[in-house]
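Overview (structure and organization)
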Amino acid sequence: VRVGDDPASKIYVRNKVRACDEAGVRSQEILLPASCSRAEAIAALEGLNRDPTVHGVLLQLPLPSHLDAAEISQTITHAKDVDGLTWASLGALLAGHSAYEPCTPAGVMVLLDRSGVPLDRRHAPHLQGRGDRHRDRTVRARLRVLRWSGRQHLPDLRGHRRARPDRHLRGR
């Protein structure tokens, strides 16, 4: 589900649809106008929740500024929350009962692994999204959950503060 005409979101969703086509997975982009109301966005997600032919739902972020992404994303049922945006999905992931492994942090872990980045006794790289605070916050939380769940081996970051990104790149 994409709301509005964010240029980066258009490209991202187009690539998701293409990847689904290449994998033989049926996908459907549902486009809502940027002016849609909270009720219209929630109704679209609730319709997908009820549709037995839909097995996964992605809500493309960012949403237009008049819509609360944190609130609207909670409409997605846990069983269809492919991105792991809902609190129920985050709790299920922590308990080891997630329907889907959240794709963004899992992808980050694959990229770090394939790039040969050793994570033991290292600080985590600074991850910054496109300025969508809800999305950035949920990605960081899901990375922490992957670490805590034992699925990935990330260093313990408690007590660490953000530093300038270039500081961590020197000498490596």
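Let me begin by describing the structure that accompanies this report.

Rules used throughout
- Residues numbered from 1 in each chain as written.
- Predicted model: local features only at pLDDT ≥ 70, side-chain atom pairs only at ≥ 80, totals over all residues.
- Heavy atoms only, no water.
- Salt bridge = Lys/Arg side-chain N within 4 Å of Asp/Glu carboxyl O.
- Helix = DSSP H or I, 4+ residues; strand = E, 2+ residues; numbered from the N terminus.
- Buried < 20%, exposed > 50% of the residue type's maximum accessible area, 1.4 Å probe, protein only.
- 1 Å grid on protein atoms, 1.4 Å probe; cavity = no way out; pocket = protein on both sides within 12 Å on 5 of 7 lines; lining within 4 Å.
- Points joined across faces, edges and corners; volume = space filled by probe spheres on them.
- Nonpolar A, V, L, I, M, F, W, Y, C, P; charged D, E, K, R; others polar.

Things to note about the pattern of salt bridges
Considering all chains together, one arrives at three salt bridges under this definition. Put simply, aspartate 5 and arginine 2 hold a salt bridge, and the shortest N to O gap is 4.0 Å. A salt bridge links glutamate 71 to arginine 38; its shortest N-O distance comes to 2.6 Å. Taken together, the positions of glutamate 71 in helix α3 (residues 69-73) and arginine 38 in helix α2 (residues 38-50) put the pair 33 residues apart, joining distant regions of the chain. Relative accessible area serves as the criterion here: at 44%, arginine 38 is assigned to the partly exposed category. One connected set of salt bridges, linked through shared partners, spans Arg2, Asp5 and Glu29.

Some details on unusual backbone geometry
Of note, the bond from leucine 61 into proline 62 is cis; its omega dihedral lies within 30 degrees of zero at 10 degrees. Secondary-structure assignment places proline 62 in the loop between α2 and α3.

Looking at the layout of surface pockets
For the second largest pocket, the calculated volume is near 570 Å³. Lining the second largest pocket are 22 residues, with Arg26, Ser27, Gln28, Gly56 and Leu58 sitting closest to its centre. Sort the elements by how many residues they give to the lining of the second largest pocket and helix α1 (residues 7-23) lands first, with four residues. Tallied by class, residues from the lining of the second largest pocket come to twelve nonpolar, six polar and four charged.

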